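Each chain, written out:
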Amino acid sequence: MRKLVFYHEIVGFIEEEKDKFPTVKSSIFFNSPPQLVVLAQEGQHKETISIDNWKREHMLQFLEEKVKPTSAKI
C-alpha cells in the first residue's frame, strides 16, 4: 500500500471494507492514479472511473449499488 500513501481513504477502504465485496480485486500500478475498473458479467471491460478524490463512503455506496456484498453474519 506504500504507493497509495496520498490516498488514505482508498487505503482504508482496501484494508477494512474490501472483504465485504468478494468480487472486487485491487491492483497497484506504478505512477497511475486510483481507478475503479468495472467489468461486465462476461469479464469484458464496461467502464473505468477515476476514484482519486473519493471518500470511503463514496466507494461503499457505489459498490453497494453495483456489486452484491456478502451478507454479514450476526
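Remember, predicted model here, so these are calculated numbers, not experimental data.

Colleague: Explain the pairing of strand 2 (residues 45–50) to me, using residue names and the numbers behind them.
Modeller: Two strands pair when backbone bridges link them, and strand 1 (residues 35–39) and strand 2 are joined in this way by five bridges, in the antiparallel orientation. Following the sheet pairing, Val38 is matched in strand 2 by Glu47. Where strand 1 hands over to strand 2, the hairpin turn is made up of five residues, of which Gly43 adopts a positive phi near 90°.

Colleague: So what's going on with the packing of helix 1 (residues 8–16) against helix 2 (residues 56–66)? Which residues, and what values?
Modeller: The relative placement of two packed helices comes down to the angle between their axes together with the axis-to-axis distance. Interaxial distance between helix 1 and helix 2 falls to 8 Å at its minimum, and their mutual angle equals 50°. By the criterion of interaxial angle, the relationship of helix 1 to helix 2 is oblique. Judged by residue contacts, Glu9, Ile10, Gly12, Phe13 and Glu16 of helix 1 engage Arg56, Met59, Leu60 and Leu63 from helix 2. Class assignment of the residues belonging to the contact of helix 1 with helix 2 gives a composition of five nonpolar, one polar and three charged.

Colleague: How would you sum up the environment of Glu64? Please name residues and give values.
Modeller: Relative to the elements of secondary structure, Glu64 occurs in helix 2. In this structure Glu64 comes out as exposed when scored by relative accessible area, which is 51%. With 44 residues separating them along the chain, Glu64 and Lys20 place their C-alpha atoms 9.6 Å apart.

Colleague: Could you give an account of the confidence of the model for the protein chain, naming the residues involved and the relevant values?
Modeller: When pLDDT is low, close inspection of the predicted coordinates is not appropriate. Overall, the prediction assigns the protein chain a mean pLDDT of 84, with 86% of residues at 70 or greater. For the protein chain, strand 1 is the element with the lowest average pLDDT, namely 89, and helix 2 is the one with the highest, namely 92.

Colleague: Can you tell me about the nonpolar core, naming the residues and giving the values?
Modeller: Residues Phe13, Phe21, Ile49, Ile51, Phe62 and Leu63 are the most contacted members of the largest nonpolar core, which totals 17 residues. For this core, the secondary structure elements donating two or more residues are helix 1, strand 1 and helix 2. With residues up to four places along the chain from it excluded, the contact list for Ile49 reads Pro34, Gln35, Leu36, Val38, Trp54 and Phe62.

Rules used in this analysis
Residues numbered from 1 in each chain as written. Predicted model: local features only at pLDDT ≥ 70, side-chain atom pairs only at ≥ 80, totals over all residues. Heavy atoms only, no water. Pairing = 2+ DSSP bridges. Helix = DSSP H or I, 4+ residues; strand = E, 2+ residues; numbered from the N terminus. Axes fitted to C-alpha atoms, helices over the stretch in contact; angles between N-to-C directions. Parallel < 35°, antiparallel > 145°, perpendicular 65-115°, else oblique. Contact = heavy atoms within 4.5 Å. Nonpolar A, V, L, I, M, F, W, Y, C, P; charged D, E, K, R; others polar. Buried < 20%, exposed > 50% of the residue type's maximum accessible area, 1.4 Å probe, protein only. pLDDT = per-residue confidence, 0-100. Core = buried A, V, L, I, M, F, W, Y, C linked by side-chain atoms within 4.5 Å.

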